[in-house]
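Letter by letter, the chains look like this.
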Amino acid sequence: MERNSTEAEISSYVGKLLRDYFGKGPSSVYVSIQEPYITIYFRDFLAPMERVLVDQKESMRVEETRDLLMQGLLPEIKASLRVMANLEIESFYHDWSLQNRSGIIIGVTSNVQESEIDGLPDYAEKEKVHDEIVRVSKLAEKAPEGVDSCFLNDRTLVVLRDGILVRIEKELIRSGFEEELKLTKRRLEKSLLHNNQFEAILSAKVQDIFVDWDFNLDKSYITIIIKPN
């Protein structure tokens, strides 16, 4: 009961914070804490001006602006999670689905292992999911050096990839094109991820797919939101 209360408190806090930063808050915020992760999934989140830009095929401009705003927002969330949930967040990942008017923030605590998801139970389709992740990664860049995954709840599948950057991407990052690379990779990888076998593998409808990277650590998190049967 205590965890549910904490998740509800964080949900209310993040909803208000997004409204303060973006001028419009999401209609719903779903928080799941399963150390070493916390996911904050929000729906119906698109400001009127953003909607105009999306309609004018300027989605990347919206994403770039949101990414800039998140640089100021995430440190505040980190400090609040330390107080509200006693979570020491080491890194954040975030992504948007403007078409679905949804988004996600993933917090990774300092308890996470270097290359694996530790302490969370396996699931029956894990090997097939990893095979599909490797297949998609090869199409976008190269096969990751490591893949691991877990369900945080019956709707949220988190996939960790290690070692996915190719040499040209590393050079672009060194040359200061990190944001441009992220925006381009986000569009490419998500188009490939949506054209996948996850629904057949998981026997469930995929509602959202999110992806983000830590280029310095050469890590990426993919989050798949499904509709439970």
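Residues numbered from 1 in each chain as written. Predicted model: local features only at pLDDT ≥ 70, side-chain atom pairs only at ≥ 80, totals over all residues. Heavy atoms only, no water.

**Overview of the nonpolar core**
Next up, step 1: Within the largest apolar cluster, 28 residues are counted, with the highest numbers of intra-cluster contacts made by Ile10, Ile38, Ile40, Phe42, Ile77 and Ile105.
Next up, step 2: Broken down by secondary-structure element, the contributors of at least two residues to this core are helix H1 (2-22), strand S1 (28-34), strand S2 (37-43), helix H3 (59-85) and strand S3 (89-97).
Next up, step 3: In terms of residues, this core owes the most to one element, H3, which gives seven residues.
Next up, step 4: Setting aside residues up to four positions removed in sequence, Ile38 forms contacts with Ile10, Val31, Ser32, Ile33, Leu81, Leu87, Ile89, Ile105, Ile106 and Gly107.
Next up, step 5: Grouped together as the second largest cluster of nonpolar side chains are 23 residues, Ile164, Leu202, Val206 and Phe215 included. (Core = buried A, V, L, I, M, F, W, Y, C linked by side-chain atoms within 4.5 Å. Buried < 20%, exposed > 50% of the residue type's maximum accessible area, 1.4 Å probe, protein only. Helix = DSSP H or I, 4+ residues; strand = E, 2+ residues; numbered from the N terminus. Contact = heavy atoms within 4.5 Å.)

**A word on the sheet that holds S1**
Next up, step 1: Within the open sheet, the four strands sit side by side as S1-S2-S4-S3. Their pairing is antiparallel. At either margin of the open sheet sits one strand with a lone partner, and together these are S1 and S3. Across the sheet, the axes of successive neighbouring strands diverge by a mean angle of 10 degrees, strand direction being ignored.
Next up, step 2: Across seven bridges, the pairing between S1 and S2 is antiparallel. Across the sheet, the residue bridging to Ser32 is Thr39, located in S2.
Next up, step 3: Strand contacts of H1: S1, S2 and S3, with the helix running at about 135 degrees to S1, the strand carrying the most contacts. (Pairing = 2+ DSSP bridges. Axes fitted to C-alpha atoms, helices over the stretch in contact; angles between N-to-C directions.)

**Structural notes on the environment of Asp67**
Next up, step 1: Mapped onto the secondary structure, Asp67 falls in helix H3.
Next up, step 2: Once residues within four sequence positions are removed from consideration, Asp67 is found in contact with His94, Trp96, Glu179, Lys182, Leu183 and Arg186.
Next up, step 3: Of the polar contacts made by the side chain of Asp67, one reaches the side chain of His94; its length is 3.0 Å. (Polar contact = N/O pair within 3.5 Å; in protein donor to acceptor, adjacent residues only side chain to side chain.)

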